[in-house]
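Chain by chain, the residues:
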Amino acid sequence: MWNEPYLETCCRSALHRLSLSGRHGRPHGLKDEPCLERLTRKGLACVGEDSRFHITQDGEVRHRSEVLKQK
């Protein structure tokens with residue numbers, strides 16, 4: 001049964017960019033900020049002490065399964 005909230009294509013792309021950014025994170029003010037905010041509300045991203053978006057452990061799991069298609 002599908003129990004994860006659907007991610008739009010733009011949000012999957014933002015999740016992938018967030019993963020690629022690693023420990024540096026993604027700053028505010030970019031075109032994908034609305035998606036980064038959505039990912040934050042879903043618990044897949046967070047805003048760190050540096051005021052940048054970072055991927056969470058749940059986000060890493062979701063990235064592996066949905067973007068990289070790994071089990």
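Residues numbered from 1 in each chain as written. Predicted model: local features only at pLDDT ≥ 70, side-chain atom pairs only at ≥ 80, totals over all residues. Heavy atoms only, no water.

Peer 1: I'd like a rundown of the nonpolar core, residues and numbers included.
Peer 2: Judged by nonpolar contacts, L7, C11, A14, L15, L18, C35, L36, L39, L44, A45, F53 and I55 together constitute the single largest core of twelve residues. Mapped onto this core, the elements with two or more residues apiece are helix 1 (9-21), helix 2 (33-41) and strand 2 (53-55). Of all the elements, helix 1 adds the most residues to this core, at four residues. (Core = buried A, V, L, I, M, F, W, Y, C linked by side-chain atoms within 4.5 Å. Buried < 20%, exposed > 50% of the residue type's maximum accessible area, 1.4 Å probe, protein only. Helix = DSSP H or I, 4+ residues; strand = E, 2+ residues; numbered from the N terminus.)

Peer 1: An account of the side chain of H63 is needed here, citing residue identities and associated values.
Peer 2: By the element assignment, H63 lies in helix 3 (residues 57-67). A residue is classified by how much of its surface remains accessible, and H63, at 6% relative accessible area, is buried.

Peer 1: Explain unusual backbone geometry to me, and be specific about the residues and the numbers.
Peer 2: Of note, the phi angle at S51 is positive, near 65 degrees, even though the residue is not glycine. Following the sequence through the fold, S51 ends up in the loop between strand 1 (45-47) and strand 2. Assessed through its relative accessible area of 43%, S51 is described here as partly exposed. In this structure, K69 is a non-glycine residue whose phi angle is positive, near 60 degrees. Here K69 is to be found in the segment after helix 3. Residue classification places K69 among the exposed positions, given a relative accessible area of 64%.

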